[in-house]
2 protein chains.
Amino acid sequence: MMSGKPIKIVGLGKYLPQEVSSADLEQKHGLPQGWSEKYSGVKSRHHITFESIGYMGAKAIEQALEKCQMELNDIDLLISASAGFDYPLPSQSSIIKSELKDGMTVNIPALDVDSSCLSFVSAFEIASSLLDGKKYKNIVIVSSEIASTGLNPNNWETLTLFGDGAVAAILQFDSNTDSAYLKSTMQTYSEGVYDSTFKGGGMKLFFKDNPYDPEIHSFAMNGRKLLRLAKTHLPDFIDAFFEDIPIKMEETNAIIPHQASKLGVSILSSLYKVKENQVLGNLATYGNCIAASIPLVLHDAVESGAIKRGDICFIIGTAAGFSIGGLLLKF
Amino acid sequence: MMSGKPIKIVGLGKYLPQEVSSADLEQKHGLPQGWSEKYSGVKSRHHITFESIGYMGAKAIEQALEKCQMELNDIDLLISASAGFDYPLPSQSSIIKSELKDGMTVNIPALDVDSSCLSFVSAFEIASSLLDGKKYKNIVIVSSEIASTGLNPNNWETLTLFGDGAVAAILQFDSNTDSAYLKSTMQTYSEGVYDSTFKGGGMKLFFKDNPYDPEIHSFAMNGRKLLRLAKTHLPDFIDAFFEDIPIKMEETNAIIPHQASKLGVSILSSLYKVKENQVLGNLATYGNCIAASIPLVLHDAVESGAIKRGDICFIIGTAAGFSIGGLLLKF
């Protein structure tokens, strides 16, 4: 089933904190020179110095608004689509909104959508569903993530892999546009529920009885199992996605896989005949930015001209939980 | 604008942990006998002993499925609509799904929606929008909350006010139903962004540099400011909600306010001429169960017959952030 609803991305904005080269990171933590690029595929990434998730998210939205000459008042809903958060309460979206220019006086609604690394994909589907040109004319989705604070220096795999950053996308219902939301699906395979975790904090390992310990207060990934899960389920997922629509993955103009890991992004080209320039990515320069990874690729591809108006884009990713999600859109 | 989309709540289920009387709570923490009921309006509430958010959420869903004789396989999307969480990662919905009967083998998608105490209201609107009888025929929303773990024993106001519990509601698109999603709106007033918080944990006051301290690792409410915000904005919000629809609040069969606090639930009847039996609540026996409060009232009112098929129900609440949300439905 294909939707074809006239949804147009009218503005994109991003915020990146300070760049950190792999050489500097390796030196700081006593890793062999070259380890990061060799094993994680990451040459550099961005890590916060003073920034918060709220700050970066607000900056990304402000840039997106500026690009399409809109004001916050033109937005009907703010969706924060991220796994991380500044505080457990209030919601991240309400924090981001409060840090925006005009955020304290414009009373648009704000809510969070979280499917970890697929949060942007889930929020895109939800926004596309809500947008009707009446109650909702414009919705901003923002994915702002700080991974660096929660990295375990003893776990080289995650230490070198993750980066921080924020992206915002303004989606508009426009009955005259040729742009469209075409399709999205997600599946959650609970066999992998705890293969990607941050266990400390929350109600189960509560702060009181669980003082700081990098083994629980850090991202932890069962990389081998995650790869196996992706390899097992991705082909069926993609086949089912394209089965009942008149487009083939190979015919799309751009494929944006979540920048999960070096091996993770290579799965697609190992399984399918995709053209060299068809698959876009930024793992080498940004690392895995959790939910911000997918929209960061989209942002930069639009800015560089790699994705043009009318291009068919297929977004495909995995997420903690363990989920696979796909989104097809005509930019 | 009124929707009238044929959305029917076909199943409701709940899970409550052990009941804790105010007398017992007061004795345990050295409060004067009767303090809780007098100041918080809470006679008893439920607190977990062994339960997790995931466990309670799964039990509530299983009961809801049973009530309408459905299997997990009949559900097209699981939305966890809560402020709290067992672990920061993975998403709460994926944890709940993994704890469900058949959850490990049925690969339906799972995602979180969070607008703190209004999460159920936000998820209801999102589910109503997504439900189309094709891709989405049935969506389950579950609000599972544990407040007791994060209570500061030195803060009597929150200590006596909050309770734990979970509720699930199965929403179905049914073109033959008389039930309907009618309208919902939300506004986020950022002037109150930090008047209801849980600040410790998360990326801003990270675990490493912020060891357990009940002042930051607990719910904190600026009760007086929240009341002032509600009193300032609620009348305009409600007037605007009913302005362009052919229903008046006073004509609805049932009004369900979020069970925020004793004074919070009294605002409505102080501002509007509502009939005595029209406003439903459970603060005295459940306390404030965060996002689970609203659906718990709905659940019990349907079970007791206070809400019947065809009844027009108006749900209205406030949330950390600070937000006000309203939802009108024909049960």
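As the structure is a computational prediction, the values presented were derived from the model and not from experiment. Starting afresh in each chain, residues are numbered from 1 along the sequence in its written order. Note on labels: chains are lettered from A, ligands numbered from 1, in written order. Where totals are concerned, whole chains, interfaces and linings use all residues; where local detail is concerned, this predicted model gives features only for residues with pLDDT of at least 70, and gives and counts side-chain atom pairs only at 80 or more. Heavy atoms from the whole structure form the basis of all side-chain values; hydrogens and water molecules are not counted.

Trainee: Quick rundown of the overall build of chain A? Include the residues and the values.
Mentor: Each helix and strand in chain A was counted, giving ten helices and 13 strands. In terms of C-alpha radius of gyration, chain A reaches 19 Å, essentially the compact-globule figure of 20 Å for 331 residues. In terms of overall dimensions, chain A has a C-alpha envelope of 55 × 50 × 35 Å along the principal axes. The buried label goes to any residue with under 20% of its type's maximum accessible area, the exposed label to any with over 50%, and the partly exposed label to all in between, with areas taken from a 1.4 Å probe on protein chains only. Taking all 331 residues of chain A together, 64% fall into the buried category. In chain A, the share of contacts with a sequence separation of at least 24, taken over all contacts with a separation of at least 6, comes to 77%. The Shrake-Rupley method, run with a 1.4 Å probe, gives the accessible areas here. Residue values count only the displayed protein chains as cover. With the model as given, the accessible surface of chain A reaches about 11,900 Å², and the carbon-plus-sulfur share is 49%. In DSSP terms, a helix is any run of H or I states spanning at least four residues, a strand is any run of E spanning at least two, and both are numbered starting from the N terminus. Here the globule rule reads 2.2 Å times residues to the power 0.38, and the radius of gyration is calculated from C-alpha atoms. Contacts are residue-level and defined by heavy atoms, with any inter-residue pair within 4.5 Å sufficient.

Trainee: Describe the UniProt feature "domain: Beta-ketoacyl-[acyl-carrier-protein] synthase III C-terminal" (unreviewed entry) in chain A, and please don't skip the residues or the numbers.
Mentor: Sites flagged by UniProt as "domain: Beta-ketoacyl-[acyl-carrier-protein] synthase III C-terminal" (unreviewed entry) map to residues 247–330 of chain A. Secondary structure across residues 247–330 of chain A divides into 31% helix and 24% strand, with the first and last C-alpha atoms of the span separated by 12 Å. UniProt positions are given in the numbering used here, feature names are shortened, and annotations may be inferred rather than shown by experiment.

Trainee: Which residues make up the sheet that holds strand E8 (residues 180–188) of chain A, and what values do they have?
Mentor: The pairing of strands in a sheet comes from backbone hydrogen bonds and takes either a parallel or an antiparallel form. All names here are of chain A. Any two strands with at least two DSSP-identified bridges between them are counted as paired. Pairing within the open sheet is mixed, and its four strands lie in the order E8-E13-E12-E11. Each of the sheet's edge strands pairs with one partner strand only, and the pair in question is E8 and strand E11 (254–257). The average undirected angle you get between the axes of adjacent strands in this sheet is 10 degrees. For E11 and strand E12 (residues 312–319), the ladder comprises four bridges, and the chain directions are parallel. Paired with Ile255 across the bridge in E12 is Phe314. Each axis is a line fitted through C-alpha atoms, taken for helices only over the stretch in contact, and angles between the N-to-C directions span 0 to 180 degrees. Contacting E8, E12 and strand E13 (323–330), helix H5 (residues 119–130) runs over the sheet at an angle of about 130 degrees to E8.

Trainee: Residues and numbers for the relation of the copies chain B and chain A, please.
Mentor: The operation relating chain B to chain A is a screw motion whose rotation component is 180 degrees, with 0.0 Å of axial translation and a residual RMSD of 0.0 Å. Those values place the two copies in the arrangement expected of a two-fold rotation axis. For chain B, the residue whose C-alpha comes nearest the rotation axis is Val113 of chain B, separated from it by 2.4 Å. Most of the interface of chain B is mirrored in chain A, where 100% of its interface residues again form contacts. Only residues with pLDDT of at least 70 in both copies count here: their C-alpha atoms drive the least-squares fit that superposes the copies.

Trainee: Give me the lowdown on the sheet that holds strand E1 (residues 7–15) of chain A, citing residues and values where you can.
Mentor: With mixed pairing, ten strands are arranged side by side in an open sheet as E1(A)-E7(A)-E6(A)-E4(A)-E5(A)-E5(B)-E4(B)-E6(B)-E7(B)-E1(B). Looking at which strands have only one partner, the edges of the open sheet turn out to be E1 of chain A together with strand E1 (7–15) of chain B. Strand-to-strand, the axes of this sheet are offset by a mean angle of 20 degrees, without reference to chain direction. Pairing between E1 of chain A and strand E7 (residues 165–173) of chain A: eight bridges, direction antiparallel. Residue pairing for E7 of chain A: Ile9 of chain A is matched across the bridge by Leu171 of chain A. Packed onto the sheet, helix H3 (residues 53–67) of chain B meets E1, strand E4 (77–81), strand E6 (138–145) and strand E7 (165–173) of chain B and runs at close to 130 degrees relative to E1 of chain B. Those strands touched by helix H10 (residues 293–304) of chain B are E1, E6 and E7 of chain B, and its axis lies near 100 degrees from that of E1 of chain B.

Trainee: Could you give an account of unusual backbone geometry, with specific residues and numbers?
Mentor: Between Gly321 of chain A and the following residue, Phe322 of chain A, the backbone shows a cis peptide bond with an omega angle of -10 degrees. Residue Leu89 of chain B is joined to Pro90 of chain B through a cis peptide bond whose omega torsion reads 5 degrees. Within the secondary structure, Pro90 of chain B is located in the loop between E4 and helix H4 (92–98). Backbone geometry at Ser116 of chain A places phi at a positive 45 degrees, although glycine is not the residue there.

Trainee: Describe in detail the interface of chain B and chain A, supporting the description with residues and values.
Mentor: Listed per partner, the contact involves 69 residues of chain B and 69 residues of chain A. The buried area of a pairing is the accessible area, by a 1.4 Å probe, that goes missing from both parts when the two are put together, added over both. Between chain B and chain A, a total of about 6,100 Å² is buried, with carbon and sulfur atoms accounting for 66% of that surface. Sorting the residues of chain B by area buried against chain A places Tyr87, Leu89 and Met203 of chain B first, and these three jointly supply 13% of that buried surface. Whenever two N or O atoms come within 3.5 Å, that pair is a polar contact, provided that in protein one can donate a hydrogen and the other can accept it, and provided that, for residues adjacent in sequence, both atoms are side-chain atoms. Connecting chain B to chain A are 31 residue pairs in polar contact (both at pLDDT 80 or more). The greatest single-element share of the side of chain B that touches chain A, amounting to six residues, is contributed by strand E8 (residues 180–188) of chain B.

Trainee: Which residues make up the pattern of salt bridges, and what values do they have?
Mentor: What makes a salt bridge here is a side-chain nitrogen of Lys or Arg within 4 Å of a carboxyl oxygen of Asp or Glu, nothing more. Here the structure, examined in full by the defined rule, presents 18 salt bridges over all chains. For Lys135 of chain B, the salt bridge identified is with Glu125 of chain A, shortest N-O distance 2.7 Å. With one member in each of two chains, Lys135 of chain B in the loop between helix H5 (119–130) and E6 and Glu125 of chain A in helix H5 form a pair that bridges those chains. Owing to a relative accessible area of 12%, Glu125 of chain A belongs among the buried residues under this scheme. Notably, a salt bridge pairs Lys330 of chain B with Asp178 of chain B, separated by 3.2 Å at the nearest N-O pair. Of this pair, Lys330 of chain B sits in strand E13 (residues 323–330) while Asp178 of chain B is found in the loop between E7 and E8, placing the two residues 152 residues apart along the sequence. Of the residues examined, Lys330 of chain B reaches a relative accessible area of 23% and is grouped as partly exposed.

Trainee: If you had to explain the packing of helix H7 (residues 223–243) of chain A against helix H8 (residues 262–271) of chain A to someone new, which residues and values would you point to?
Mentor: Residues and elements named next belong to chain A. Between H7 and H8, whose axes approach to 11 Å, the crossing angle comes to 40 degrees. On the basis of the axis angle, H7 is oblique to H8. Crossing of H7 over H8 shows right-handed handedness. Along its contact with H7, which presents Leu227, Ala230, Lys231, Leu234, Pro235 and Ile238, the element H8 presents Leu263, Gly264, Ile267, Leu268 and Leu271. Under the scheme applied here, ten amino acids are nonpolar (Ala, Val, Leu, Ile, Met, Phe, Trp, Tyr, Cys and Pro), four are charged (Asp, Glu, Lys and Arg), and all others, including Gly, are polar. Here the contact of H7 with H8 is composed, by residue class, of nine nonpolar, one polar and one charged. Every angle not falling under 35 degrees, over 145, or within 65 to 115 is termed oblique; those three ranges are roughly parallel, roughly antiparallel and roughly perpendicular. Crossings are assigned a handedness: left-handed for a near helix turned anticlockwise from the far helix by less than a right angle, right-handed for a clockwise turn.

Trainee: Kindly report on the packing of aromatic side chains, identifying the contributing residues and their values.
Mentor: Working definition: a ring pair exists when centres of Phe, Tyr or Trp rings (six-membered ring for Trp) sit within 6.5 Å. Plane angles under 30 degrees give stacked, over 60 give edge-to-face, the rest tilted. What the rule picks out here adds up to 36 aromatic pairs over all chains. Judged by centre distance (4.8 Å) and plane angle (70 degrees), the rings of Phe242 of chain A and Phe314 of chain A are edge-to-face. On the criterion of sequence distance, the pair formed by Phe242 of chain A in helix H7 and Phe314 of chain A in strand E12 is long-range, its members being 72 residues apart. Each member of the pair, Phe242 of chain A together with Phe314 of chain A, is buried. Consider the rings of Phe206 of chain B and Phe207 of chain B, whose centres lie 4.9 Å apart with planes at 80 degrees: the pair is edge-to-face. Residue Phe206 of chain B is classed as buried on the basis of its relative accessible area, which comes to 5%. An aromatic cluster is built from Phe162, Phe198, Phe206, Phe207, Tyr212 and Phe219 of chain A together with Phe162, Phe198, Phe206, Phe207, Tyr212 and Phe219 of chain B, whose rings are joined through pairwise contacts. Note that Lys183 of chain A overlies the ring of Phe241 of chain A, its terminal NZ or CZ placed 4.9 Å from the centroid. Geometrically, a charge over a ring is one whose NZ (Lys) or CZ (Arg) sits within 6 Å of the ring centre while staying within 35 degrees of the ring normal. Lying over the aromatic face of Phe331 of chain A, Arg309 of chain A brings its terminal NZ or CZ to 4.1 Å of the ring centre.

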